[in-house]
Amino acid sequence: MDALLEHLRAGLPAEALITDPDVTASYAHDMASFCDAGAPAVVVLPRTVEEVQHVMRTATALRVPVVPQGARTGLSGGANACDGCIVLSLVKMDRILEISQVDRIAVVEPGVVNATLSRAVGEHGLYYPPDPSSWEMCTIGGNIGTAAGGLCCVKYGVTAEYVLGLEVVLADGRLLSTGRRTAKGVAGYDLTRLFVGSEGSLGIVVKAVLALRPQPPQQLVLAAEFPSAAAACDAVCRIMEHGHTPSLLELMDRTTVRAVNAMAAMGLPESTEALLLCAFDTPDPAADLAAVGELCTAAGATEVVPAEDAAESELLLQARRLSLPALETVKSATMIDDVCVPRSKLGAMLEGTAAIAEKFDLTIGVCAHAGDGNTHPVVCFDHTDADESRRARASFDEIMALGLALGGTITGEHGVGVLKKEWLDRELGEVGLELQRGIKAAFDPLGLLNPGKLF
């Protein structure tokens, strides 16, 4: 410990180091349940690339593991510390370095908060689409680490589609530049895409070149009530089958709707079994919503209500963003799944999840990026009840197994981290896992970067 601190202090200002165990303990884990976390030896909050390089050179010299972190809003244990590690928190590297209207790019440091970037580029008539529900807190570096998604992915895609280039500090302290600033570029292997979603296991992102879009028109939202989740999923399939491209297509089941009402008095219809939110940011969103409303009615919607203006639309979106926080109030703990299935299997996924909830006698609320087939079943349980905790973990595993059986994936946007590492080999298979481990070894031969995550 003394040698580690001596080496770190040689290249870092005193305020960048935290050694008080009461404080370092607060950096030990993210927001996931059932994920072990160790006690870090030190927390480092660098402000420059050179300081990050010094940390990694020190770690390599002394063979000390390093756990990179953003805002710790993750839900898979991907930012959890291990005993004796250096926690490398990038939140102080929070500058927006450039916004170009001509090139339609932003160059940012990893600690920039998603919402801060979105508002900054909006002042230039530009738009950064990825918008996780935690966008007011989560950082761009964390979004890159997990390839985060959000509410607008059905039209605009996930974080990976907006990362053009990166600067990355490797495990040995070398600085690697990947990608480009240009609209096109295919020189060599796509190392940029490799780092996106790697959960800090291959290198430390210290700068990102992000693609931007022109600011779209203000979107309008439609809310449709359904007598069953199956009917709502049928409406989703009809909307996509008819060639519509909504900017948002979200689903909240009855449990989620009631939880949101209980927490925030949003006035959502508690009689509904499933609430579908659909939005368009086209030049004539009212016409698009009318067409979708007809499809919802044909699928069995009991009521279809288009928002009258932007303020009403924002209120509905706020209700959706509150889904996960609201479900966290149902019991003392939650396990949040992140299973993505083909859209055509969305109904089967929700029906299967309901059966699992009944089997284990648990409350499981589901909110979903329905247009992507990306479901978030939230298992609510009493963490002080050993049997209920056991059933919660078992139900979580059955939900993931169901997703794989339906041709889906164990994570659409939250990452693998600690929570799902035992499931990764089931999805990838023996050959896939062997190659991924080989890639990890090529970038991090000593295994110092975020050990114990992924595999």
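Residues numbered from 1 in each chain as written. Predicted model: local features only at pLDDT ≥ 70, side-chain atom pairs only at ≥ 80, totals over all residues. Heavy atoms only, no water.

## What to know about the overall build of the protein
As a reminder of what qualifies: Here a strand is any run of E in DSSP of at least two residues, a helix any run of H or I of at least four, and the numbering for each starts at the N terminus. The size measure is the radius of gyration over C-alpha atoms, and the globule rule it meets is 2.2 Å times the number of residues to the 0.38 power. The classification of residues rests on relative accessible area computed with a 1.4 Å probe and restricted to protein chains. Under 20% of the type maximum is buried, over 50% is exposed, and intermediate values are partly exposed. Between two residues, a contact is recorded if the distance between any of their heavy atoms is within 4.5 Å. Residues counted as positive are Lys and Arg, residues counted as negative are Asp and Glu, and His and the chain ends are not counted. Charged groups are reduced to one reference atom each: NZ for lysine, CZ for arginine, CG for aspartic acid, CD for glutamic acid.
The number of helices and strands found in the protein is 15 helices and 19 strands. Since a compact globule built from 455 residues should have a radius of gyration of about 23 Å, the 22 Å found for the protein is in line with a globular shape. Seen through its principal axes, the protein has C-alpha atoms that stretch 70 × 60 × 45 Å. A buried classification covers 56% of the 455 residues belonging to the protein. The contacts of the protein with a sequence gap of at least 6 include a subset with a gap of at least 24, amounting to 73%. In the protein, which carries 35 positive and 58 negative side-chain charges, the distance between the mean positions of the two groups comes to 6 Å.

## Quick look at the environment of serine 133
Note that serine 133 resides in the loop between strand S7 (126-127) and helix H5 (140-146). Note: C-alpha distance between serine 133 and threonine 272 (139 residues apart in sequence) is 23 Å.

## Comments concerning the sheet that holds strand S9 (residues 175-179)
Worth spelling out the cut-off: The rule for pairing is simple: two strands pair if DSSP sees at least two bridges between them. Interaxial angle, 0 to 180 degrees, is taken between N-to-C directions of lines fitted to C-alpha atoms, where a helix line uses only the stretch in contact.
Within the open sheet, the five strands sit side by side as S5-S6-S10-S8-S9. Their pairing is antiparallel. Sheet topology places strand S5 (96-100) and S9 at the edges, where each strand pairs with a single neighbour. With strand direction ignored, the average angle separating the axes of adjacent strands in the sheet is 10°. Of the strands in this sheet, S5, strand S6 (105-108) and strand S10 (204-211) are in contact with helix H4 (residues 114-122), which crosses S5 at around 35°.

## Observations regarding the packing of helix H8 (residues 229-241) against helix H13 (residues 346-359)
Let me state the cut-off plainly: Orientation categories follow fixed angle ranges, with anything under 35 degrees roughly parallel, anything over 145 roughly antiparallel, 65 to 115 roughly perpendicular, and all other angles oblique. Handedness of a crossing follows from how the near helix is turned relative to the far one, being left-handed for an anticlockwise turn of less than a right angle and right-handed for a clockwise one. Basically, the charged four are Asp, Glu, Lys and Arg, the nonpolar ten are Ala, Val, Leu, Ile, Met, Phe, Trp, Tyr, Cys and Pro, and anything else, Gly included, counts as polar.
For the pair H8 and H13, interaxial distance at closest approach is 8 Å and the crossing angle is 160°. On the basis of their axis angle, the class for H8 and H13 is roughly antiparallel. Relative to H13, H8 is oriented so that their crossing is right-handed. Contact with H8, carried on its side by Ala229, Ala230, Cys233 and Val236, involves Leu346, Gly347, Leu350 and Glu351 of H13 and no other residues of that element. Residue composition of the contact of H8 with H13, grouped by class: six nonpolar, one polar and one charged.

## Notes on the packing of aromatic side chains
Here is the rule: In this scheme Phe, Tyr and Trp rings, the latter by its six-membered ring, pair at centre separations within 6.5 Å, and the angle between planes marks the pair as stacked below 30 degrees, edge-to-face above 60, and tilted otherwise. Note on geometry: a ring has a charge over it if NZ (lysine) or CZ (arginine) is within 6 Å of the ring centre and within 35 degrees of the ring normal.
This model, assessed by the stated rule, comprises four aromatic pairs. With a centroid separation of 5.4 Å and an interplanar angle of 25°, the aromatic rings of phenylalanine 34 and phenylalanine 381 are classed as stacked. With a gap of 347 residues between them, phenylalanine 34 in the loop between helix H2 (21-24) and strand S2 (42-44) and phenylalanine 381 in strand S19 (residues 374-381) connect regions that are remote in the sequence. For phenylalanine 381, a relative accessible area of 2% gives the class buried. Judged by centre distance (5.3 Å) and plane angle (85°), the ring pair of tyrosine 127 and tyrosine 156 falls under edge-to-face. With tyrosine 127 in strand S7 and tyrosine 156 in helix H6 (residues 153-156), this pair connects stretches of sequence that are 29 residues apart. Take tyrosine 127 and tyrosine 156: they sit in the same class, and that class is buried. Cation over ring: arginine 72 sits above tyrosine 27, and NZ or CZ is 4.6 Å from the ring centre.

## A short note on the pattern of salt bridges
The following threshold applies: A pair is scored as a salt bridge if a Lys or Arg side-chain nitrogen falls within 4 Å of a carboxyl oxygen belonging to Asp or Glu.
Summed over all chains, the structure comprises 19 salt bridges. The partner of glutamate 109 in a salt bridge is arginine 95, with the nearest N and O atoms 2.8 Å apart. In this pair, glutamate 109 is assigned in the loop between S6 and H4 and arginine 95 in the loop between strand S4 (86-89) and S5, connecting sequence segments 14 residues apart. When its relative accessible area of 4% is taken as the criterion, glutamate 109 is described as buried. According to the relative accessible area criterion, arginine 95 is partly exposed, its value standing at 49%.

## Section: the pairing of S9
Inspection of the sheet shows strand S8 (residues 163-169) paired to S9 by five bridges, in the antiparallel sense. Each residue of the ladder has a partner; that of valine 169, found in S9, is leucine 175. Two successive antiparallel strands, S8 and S9, enclose a turn made up of five residues, where glycine 173 displays a positive phi of approximately 95°.

## What to know about the pairing of S8
S8 sits mainly inside the fold: six of its seven residues count as buried. Bridge count for S8 against S10 is six bridges, and the pairing is antiparallel. Its bridge partner being in S10, glycine 165 is matched across the sheet by valine 209.

## Structural notes on the side chain of threonine 353
Within the secondary structure layout, threonine 353 lies in helix H13. Leaving out residues up to four positions away in the same chain, threonine 353 has contacts with Ile364, Val366, Pro377, Ile399 and Leu402.

## Section: the nonpolar core
Rules: Only buried residues count toward a nonpolar core. Its members are Ala, Val, Leu, Ile, Met, Phe, Trp, Tyr and Cys residues joined through side-chain atoms within 4.5 Å.
Counting 54 residues, the largest nonpolar core has Phe226, Leu251, Leu276, Cys296, Met349 and Val379 as its most contacted members. Considering every element that reaches this core, the biggest residue donor is H8, with six residues. When sequence neighbours within four positions are dropped, the list of residues in contact with phenylalanine 226 reads Ala231, Ala232, Ala235, Thr272, Glu273, Ala274, Leu276, Cys296, Ala299, Gly300, Ala301 and Thr302. Residues Val107, Val108, Leu126 and Phe195 belong to the second largest nonpolar core, which totals 32 residues.

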